[in-house]
Amino acid sequence: MSTVAFHISSLLEKMTSSDKDFRFMATSDLMAELQKDSIQLDEDSERKVVTMLLGLLEDKNGEVQNLAVKCLGPLVGKVKEYQVETIVDTLCANMRSDKEQLRDIAGIGLKTDLGDVGSGAQPAQRWKWTELGPAVASACPRTLFAGSGLATNVCRKITGQLTSAIAQQEDVAVQLEALDILSDMLSRLGAPLCAFHASLLHCLLPQLGSPRLAVRKRAVGALGHLAAACSTDLFVELADHLLDRLPGPRAPASPAAIRTLIQCLGSVGRQAGHRLGTHLARLVPPVEEFCQLNDDELRESCLQALEAFLRKCPKEMGPHVPSVTSLCLQYLKHDPNYNDDSDGDEEQVETEESEFSEQESEDEYSDDDDMSWKVRRAAAKCVAALISSRPDLLPDFHRTLAPALIRRFKEREENVKADVLGAYVVLLRQTRPPKGWLEAVEEPTQMGSSLHLLRGQVPLVVKALQRQLRDRSVRSRQGCFNLLTELAGTLPGSLAEHTPVLVAGIVFSLVDRSSSSTIRMDALAFLLRLLGTEPAEAFHPHLPTVLPPVMACVADPFYKIAAEALLVLQELVRTVWPLDRPRVLDPEPYVGEMSAATLARLRATDLDQEVKERAISCMGHLVGHLGDRLGDDLGPALSLLLDRLRNEITRLPAVKALTLVAESPLRPDLQPILAEALPILASFLRKNQRALRLGTLAALDALARSQGASLPPGALRAVLAELPLLVSESDMHVAQLAVDFLATVAQLQPASLAEVSGPVLSELLCLLQSPLLPASVLAAAEGFLQALVGARPPCVDYARLIGLLTAPVYDQPADGGTGLHKQVFHSLARCVAALAAACPQEAAGTAHRLVSDARSPDSSTGVKVLAFLSLAEVGQVAGPGPQRELKTVLLEALGSPSEDVRAAASFALGRVGAGNLPDFLPFLLGQMEAEPRRQYLLLQSLREALGTAQPDSLKPYVEDVWALLFQRCEGAEEGARGVVAECIGKLVLLNPPSLLPRFRKQLAAGQPHTRSTVITAVKFLISDQPHPIDPLLKSFIGEFMDSLQDPDLGVRRATLALFNSAVHNKPSLVRDLLGHTLPLLYQETQVRRDLIREVEMGPFKHTVDDGLDVRKAAFECMYSLLESCLAQLDICEFLNHVEDGLKDHYDIRMLTFIMLARLATLCPAPVLQRVDRLVEPLKATCTAKVKAGSVKQEFEKQDELKRSAMRAVAALLTIPEVGKSPIMADFSSQIRSNPELTALFESIQKDSTSAPSTDLMELS
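Residues numbered from 1 in each chain as written. Predicted model: local features only at pLDDT ≥ 70, side-chain atom pairs only at ≥ 80, totals over all residues. Heavy atoms only, no water.

A. Representation of the overall build of the chain. Scanning the chain from N- to C-terminus turns up 62 helices and two strands. A total of 1260 residues make up the chain; the buried ones form 54% of that total. Counting only contacts in the chain whose residues sit at least 6 apart along the sequence, the fraction spanning at least 24 positions is 74%. (Helix = DSSP H or I, 4+ residues; strand = E, 2+ residues; numbered from the N terminus. Buried < 20%, exposed > 50% of the residue type's maximum accessible area, 1.4 Å probe, protein only. Contact = heavy atoms within 4.5 Å.)

The structure is reproduced here in structure tokens:
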């Protein structure tokens, strides 16, 4: 006998003891054994354990019974299937027992077994999935494992017995227990029981007419879960049954029966509302009519049902929105037992209420006989659903719902008041302007209108909340602070004039020691938001009032309050005494108190980490903003910062605080700590913690700029010795900060660089040869090199530096090609130009040498490329002599056999010409006329000249350039037309009011290529930053969007590219046009058969789809719309076209899979409504096979498609109700049974948890 078997056997023996304590301990030990994943039971042990535990369910001792039933959960995962069936059979038999206790135990046992079986996998399998992390476990719903053979068989076995127990109605207790278990089973494993759905439906429907309320309620819950998982036919049968049983509002019927039917509709709406869409036209009118009956419980049920319909089927509820709004407004104030006609009465009643509100603050309602509060609460929740489901009606809601909600802020029932405040918060969140909304450049729009209406409501809101902010109820005050915080974020600056009222409310909560700490934290969080959104002047009169309670909170023993108060104090200092404006308020009366409170926290060592960090940061702000007023506190503060710098736990916050102090324009005296601080900072540069290295380099640079020559040379050399290793390609950001610091030191203490300039230059030259060099690092390198030659005396000789920079290119063999990456040549050329700019006296000589190198027949291709790129930068500062010589050299180079040399010469011609337009531009235009074969290169030169020259110097040439460019719009080469479009765009920016209207004529009369070029030129006028052309562009862009109806494919594709650019970079330009533009966009997503043709390639026929590029561009626009214009989209219509794209070409399917994953996160309700249709193409993609003889690329494409489709599946499964769809359940079962698909799904989940962003769109 094995050790485990022997141990189990000994436990089973003890479980037969007559001593209840022995039985209890043995059962407890058995449960501990069963919970181990490693335990393996042989057949005999399984049988004995099952028999013993089933026997103990009838034990005389209740504690032993409870332990035995708990053991059943882990046991079902350890024994064979027939033993599980034995357990289930016994429990079902016990459920019919005459003994109530045994029935209860059997019911608990069945639920326990279902819970464990419902997880669907054996312990090892379950661990395999849960080890991926809680995020994965939550993202893998039961459906992936529900439907395993064991789960399905157990449920089928139970189902028959449960239905008979329900139908017999002999014992109500048995019936209730059976309904409970059935409801639990359907919620966990609804889909695998599809064979029983019909019998379950026919068993449950009669229970709606049961005389027992408890039976009806449980039947309603079970029907809700069944509705989510059953087939469409059964769902229609259920809906028809409920509709047929609903009597007319005047027909005689039992109130209880009506309530039950309405509650059932509400349950179905909550669990499977997405399937009710087609039935709502018949369902909603009777529900609305029943609201008018004088029955508060029925009204509550009706409003709850309407709320579910609004949340699950917003589009189908559209026609009913006015009537539902009217009902909500009517019942939001439904309080027949309370008269609030006058303000005097209101105050009197509220005073009376407050006298006993303390005693009843925890009660759910104040009057047992008054059910009207439930109606008001249901109405408030329905209002919230109405607002969140119909963002397109926001202006109307601000006119109708907002005033009603504000009036109900005085609600006497705490639960209802919380929901009323919550509904107004939903309205504020919907009103918050989306990203990219620019009020300054927009005409009044829907969003602008909503904000304008909200601004008018602010005084009413503050007045309504004034008394609530002093309410004794903590929950009410929390709701007020939450609402006001949201209001401040939605309309920054709108609360400034109401600061006295708000400060009084904040102070009331901060000094209220009788309340919980949560309300003080909420008050501090609101004050923090207020400081960030309102002007500083609004707080000046209130500082004497608000500062003492904040200081008290800083000293509070509870760490969360202290940390939040320190953050408020920091923001207060930053806002009231900013560094970029003159001081308006004298800080003298306050600085001592603030400094003392912060120093007390800074000195304490036995604090929570968060409080320590906040205290350090707060002190950094105090010294940085008010260092000149700290007096005797400045020395101790700096000493404490130095002390925290030495501590490993607090060193990073201390470094950031030191940076703030060093950057302060007040220039506090840091000499007492510099000698000690610099070596500590130098040691941080060797640490692995990246954030610490970045912070340290920023601090060092700030110290060098503020202290300059007074930095201790010895300590500075210790810092500089660490820098060469940081100038590395492995971390470009660290390298940039290191080079910036070196440039600062080179300007202020050049002698200190003597020892490190060699190693640093060596590393920097290696860095400059990286093709991945960011622009910021290149700019830092230029600054450092300029500082080296600009110092007096120079740290490094100019000629030596030029030699070092050009050596990687000049040392290459003459016939070795360019050798280095193209980007490296641009980087080196920029550095050469930076040196020439720093030493103007050397610029002409450098230019002559570069011209000579470019002309020399012995020069390699790389040397010529570098020479031309350097001349592009140096030529502008070298003087007229080299420029005259350059013309000939550059023209010759345009005919070079090397493409790299031609491109470099073209670039140089444009850049040099920008510095001498009167000489170069006419010459360039003349060459374009005379040399048609060099059009593309000369156009690139023109583009560089237009982009680099000063706008005023270009204006005399606008007409000539304009005419020449439009002559070249009809060129055959698409690349050249793209450059022409970019040039036209740059030209328009010189004089938009005059040139932009000319596009109309070109669009109306031009040839297809011309129209396409004009549209592309408009695209180059759109940037992601505000620009003076934006208002004018907005007035014209509608005419450009009309080109989506152009008969030419190329023009439509260019228009889609323009639309995509506008949506992505500046959505405010096109938001108002979406009503007209979206139908045209959707039209371009359709496959057009007349654009598909067959091309014969030898013996093979190849299908070519000329409309593919346009369709792809249209889907890319749809993808961009999800980011910035979601509120303006009809998601149902949008999904229709996404659904079509799921069956389209490879490229389009990849896009639509990503869109579907994004939609599942952003708007799950509409996705859920059509999930059955969406799953089919995903399933087809995941199960598709590539033909055996296909090339490698086909296999790779199919794998990528499968992966993208599986990401979409994973995103769909995060919608809770999706798992109940029969089609999705079937597909989940297929994934589970297919090792390849299971491995792919696991891989997707691992990727999503390890990725820095959980945004599903980014995972594709």
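B. Representation of unusual backbone geometry in the model. You will see that Arg667, though not glycine, has its phi angle at about 50°, which is positive. Tracing the backbone shows Arg667 in the loop between α31 (651-663) and α32 (671-684).

C. Quick look at the pairing of strand β2 (residues 1100-1105). Bridging between strand β1 (residues 1092-1097) and β2 involves six bridges; their strand directions are antiparallel. Considered in β2, the bridge of Glu1096 is made with Lys1101. Counting the residues in the hairpin turn of β1 and β2 gives two residues, including Gly1098, whose phi is positive at 65°. (Pairing = 2+ DSSP bridges.)

D. Region of interest: the packing of aromatic side chains. One pass over the structure, following the stated rule, counts eight aromatic pairs. Between Trp577 and Tyr590, the ring centres sit 6.2 Å apart and the planes meet at 45°, which makes this aromatic pair tilted. Taken as a pair, Trp577 in the loop between α27 (559-576) and α28 (588-603) and Tyr590 in helix α28 lie far apart in primary sequence, 13 residues in all. Geometrically, the ring pair formed by Phe999 and Phe1040 is edge-to-face, given 6.2 Å between the ring centres and 70° between the ring planes. With Phe999 in helix α50 (residues 998-1005) and Phe1040 in helix α52 (residues 1030-1041), this residue pair connects regions lying 41 residues apart in the sequence. Just as Phe999 is buried, Phe1040 falls in that class too. Following the ring pairs from residue to residue traces out a cluster consisting of Trp962, Phe966, Phe999 and Phe1040. (Phe/Tyr/Trp six-rings, centres within 6.5 Å; stacked < 30°, edge-to-face > 60°.)

E. Spotlight on the environment of Gly971. In this structure, Gly971 sits in the loop between α47 (958-967) and α48 (974-988). C-alpha separation for the pair Gly971 and His1009, spaced 38 residues apart in sequence, amounts to 7.8 Å.

F. Helix α45 (residues 935-948), seen in detail. With 14 residues, α45 should cover 20 Å at 1.5 Å per step; its first-to-last C-alpha distance of 20 Å lies within 8% of that length. When you tally the buried positions in α45, you get 11 out of 14 residues, the bulk of the element. Every buried residue of α45 is listed here: Gln935, Leu937, Leu938, Leu939, Gln940, Ser941, Leu942, Arg943, Glu944, Ala945 and Leu946. (Expected span 1.5 Å × (residues − 1).)

G. Layout of the packing of helix α59 (residues 1171-1183) against helix α60 (residues 1192-1213). Running from N to C, α59 and α60 cross one another at 140°; their axes reach a closest spacing of 8 Å. Taken as axis vectors, α59 and α60 run oblique relative to one another. At the point where α59 passes α60, the crossing takes the left-handed sense. On the side of α59, the interface is formed by Leu1178, Thr1181 and Cys1182, while α60 contributes Gln1198, Leu1201, Lys1202, Ala1205, Met1206, Ala1208, Val1209 and Leu1212. Residues of the contact of α59 with α60, tallied by class, amount to eight nonpolar, two polar and one charged. (Axes fitted to C-alpha atoms, helices over the stretch in contact; angles between N-to-C directions. Parallel < 35°, antiparallel > 145°, perpendicular 65-115°, else oblique. Left-handed = near helix turned anticlockwise from the far one by under 90°. Nonpolar A, V, L, I, M, F, W, Y, C, P; charged D, E, K, R; others polar.)

H. Here's a closer look at the side chain of Thr1077. With respect to the helices, strands and loops of the structure, Thr1077 is situated in helix α54 (residues 1074-1083). Within polar-contact distance, the side chain of Thr1077 engages the backbone oxygen of Leu1073 at 2.9 Å. In this structure Thr1077 touches Met1041, Leu1044 and Phe1059, once residues within four positions along its chain are discounted. (Polar contact = N/O pair within 3.5 Å; in protein donor to acceptor, adjacent residues only side chain to side chain.)

I. A look at α54. Buried within α54 are the following residues: Leu1074, Thr1077, Leu1078, Leu1080, Leu1081 and Tyr1082. Of the surrounding secondary structure, the elements contacted by the buried residues of α54 are α52, α53 (1049-1065), α55 (1108-1124) and α56 (1131-1141).

J. Examining the nonpolar core more closely. The biggest cluster of nonpolar side chains holds 419 residues, and the ones touching the most others in it are Tyr424, Phe868 and Phe999. When near neighbours in sequence (up to four residues on either side) are disregarded, Phe868 contacts Ala854, Val889, Leu890, Ala893, Val901, Ala904, Ala905 and Ala908. (Core = buried A, V, L, I, M, F, W, Y, C linked by side-chain atoms within 4.5 Å.)

K. The packing of helix α1 (residues 3-14) against helix α3 (residues 43-56), seen in detail. Contact pair α1 / α3: the axes reach a minimum separation of 11 Å and the direction vectors enclose 25°. In terms of orientation, α1 and α3 fall into the roughly parallel class. Note on packing geometry: the crossing formed by α1 with α3 is left-handed. Of α3, the residues touching α1 (which contributes Ala5, Ile8 and Leu12) are Ser45, Lys48, Val49 and Met52. Looking at side-chain class alone, the contact of α1 with α3 contains five nonpolar, one polar and one charged residues.

L. Focus on the confidence of the model for the chain. Of all residues in the chain, 89% attain a pLDDT of 70 or more, and the chain-wide mean is 83. Under a pLDDT of 50 for its full length, residues 341-366 has, in the predicted model, 23 contacts with residues more than four places off or in other chains. Across residues 1252-1260, confidence stays below pLDDT 50; counting only partners more than four residues off in sequence or on other chains, it has 16 contacts. (pLDDT = per-residue confidence, 0-100.)

M. Quick peek at the environment of Gly1219. Topologically, Gly1219 is positioned in the loop between α60 and α61 (1222-1233). Here the alpha-carbon distance between Gly1219 and Ala191, two residues 1028 residues apart in the chain, equals 8.2 Å.

N. Region of interest: the environment of Leu41. Locating Leu41 in the fold gives a position in the loop between α2 (20-34) and α3. Residue Leu41 is classed as buried on the basis of its relative accessible area, which comes to 12%. Sequence separation of Leu41 and Ala5 is 36 residues, and the distance between their C-alpha atoms is 7.1 Å. Ignoring any residue separated from it by four or fewer positions in sequence, one finds Leu41 in contact with Ile8, Leu34, Glu46, Leu75 and Val79.

O. Seen up close, the pattern of salt bridges. Summed over all chains, the structure comprises 58 salt bridges. Measuring nitrogen to oxygen at the nearest pair gives 2.4 Å for the salt bridge that ties Asp44 to Arg47. Highlighted residues: Asp44 and Arg47, both in helix α3, separated by three residues, approximately one helical turn. With relative accessibility at 36%, the residue Asp44 sits in the partly exposed group. When its relative accessible area of 42% is taken as the criterion, Arg47 is described as partly exposed. Taken together, the shared-partner salt bridges connect Asp335, Arg376, Arg408, Glu411 and Arg412 into one network. (Salt bridge = Lys/Arg side-chain N within 4 Å of Asp/Glu carboxyl O.)

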